[in-house]
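Architecture at a glance
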Amino acid sequence: QRLYCGALSTVHVLSIPSLAVEAKVQSGARIPLSGRVCGVVEGSGGQLLFTSNVGGPSIHLWDTARWDWLCRIELATGDGIACHFATPLGNKGGRDVGHLLAATDTGLLLVFSLDRVPPFLIKEGEGGGPMATSPLFPGTAVVLELQSGSLKLRRFSGPG
């Protein structure tokens with residue numbers, strides 16, 4: 001149970017319900033985080049943290065056990081900045097599995113497989129926007145598509 005607060009190029013991790021500072025993830029000597037943080041989500045299994053930033057633009061992965069930076073995923077020029085995230089599946093064998101969904105400010109939906117680190121892009125297309133998931137419907141996300149302004153139910157099967 002954590003609350004994440006992104007401010008400039010730092011993400012503050014607070015414990016719930018006490019709101020005590022658990023960690024602070026930020027740029028460092030070997031961590032190429034530049035620009036403002038604009039999206040944060042914890043993997044549905046709790047082992048990974050995904051953040052996005054304007055510089056690049058890119059997505060960063062963090063290990064929540066030790067708050068170590070794992071890798072950076074560069075987004076293609078013109079794809080926009082990843083502003084919305086969802087992780088529609090849970091964990092298996094103590095690690096996050098399934099997919100990372102990232103929607104950019106240009107309405108693009110990117111789907112990454114979490115089968116390995118760094119995650120690899122398996123789908124890219126229109127239909128991105130704010131999204132939500134529920135543990136009652138694993139492998140499913142509801143997306144408010146920016147272009148059409150309508151809600152779409154998206155299904156993702158299997159861990160990768």
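Report on the accompanying structure. (Residues numbered from 1 in each chain as written. Predicted model: local features only at pLDDT ≥ 70, side-chain atom pairs only at ≥ 80, totals over all residues. Heavy atoms only, no water.)

Structural notes on the pairing of strand S1 (residues 2-7)
Two faces, one strand: in a regular strand the side chains alternate between the faces of the sheet. Bridge count for S1 against strand S2 (residues 10-15) is six bridges, and the pairing is antiparallel. Counted as the bridge partner of Leu3 is Leu14 from S2. (Pairing = 2+ DSSP bridges. Helix = DSSP H or I, 4+ residues; strand = E, 2+ residues; numbered from the N terminus.)

Describing the pattern of salt bridges
This model, assessed by the stated rule, comprises six salt bridges. One salt bridge in this structure joins Arg2 and Glu22, with 3.0 Å as the shortest N-O distance. In this pair, Arg2 is assigned in strand S1 and Glu22 in strand S3 (residues 21-26), connecting sequence segments 20 residues apart. Close ionic contact of Arg72 with Glu74 constitutes a salt bridge, the shortest N to O distance being 2.2 Å. Three or more residues joined by partner-sharing salt bridges are found here, namely Arg2, Glu22 and Glu42. (Salt bridge = Lys/Arg side-chain N within 4 Å of Asp/Glu carboxyl O.)

Digging into the side chain of Asp79
Considering the arrangement of structural elements, one finds Asp79 in the loop between strand S7 (68-74) and strand S8 (82-86). Those residues in contact with Asp79 that lie beyond four places of it in its chain are Thr104, Thr106, Leu108 and Glu124. (Contact = heavy atoms within 4.5 Å.)

Here we look at the side chain of Asn53
Checked against the element boundaries, Asn53 lands in strand S5 (residues 48-53). For Asn53, a relative accessible area of 0% translates into the label buried. In terms of polar contacts, Asn53 uses its side chain to reach the side chain of Ser58, at 2.7 Å. Reaching out from Asn53, the side chain makes a polar contact with the side chain of His60 at a distance of 3.1 Å. (Buried < 20%, exposed > 50% of the residue type's maximum accessible area, 1.4 Å probe, protein only. Polar contact = N/O pair within 3.5 Å; in protein donor to acceptor, adjacent residues only side chain to side chain.)

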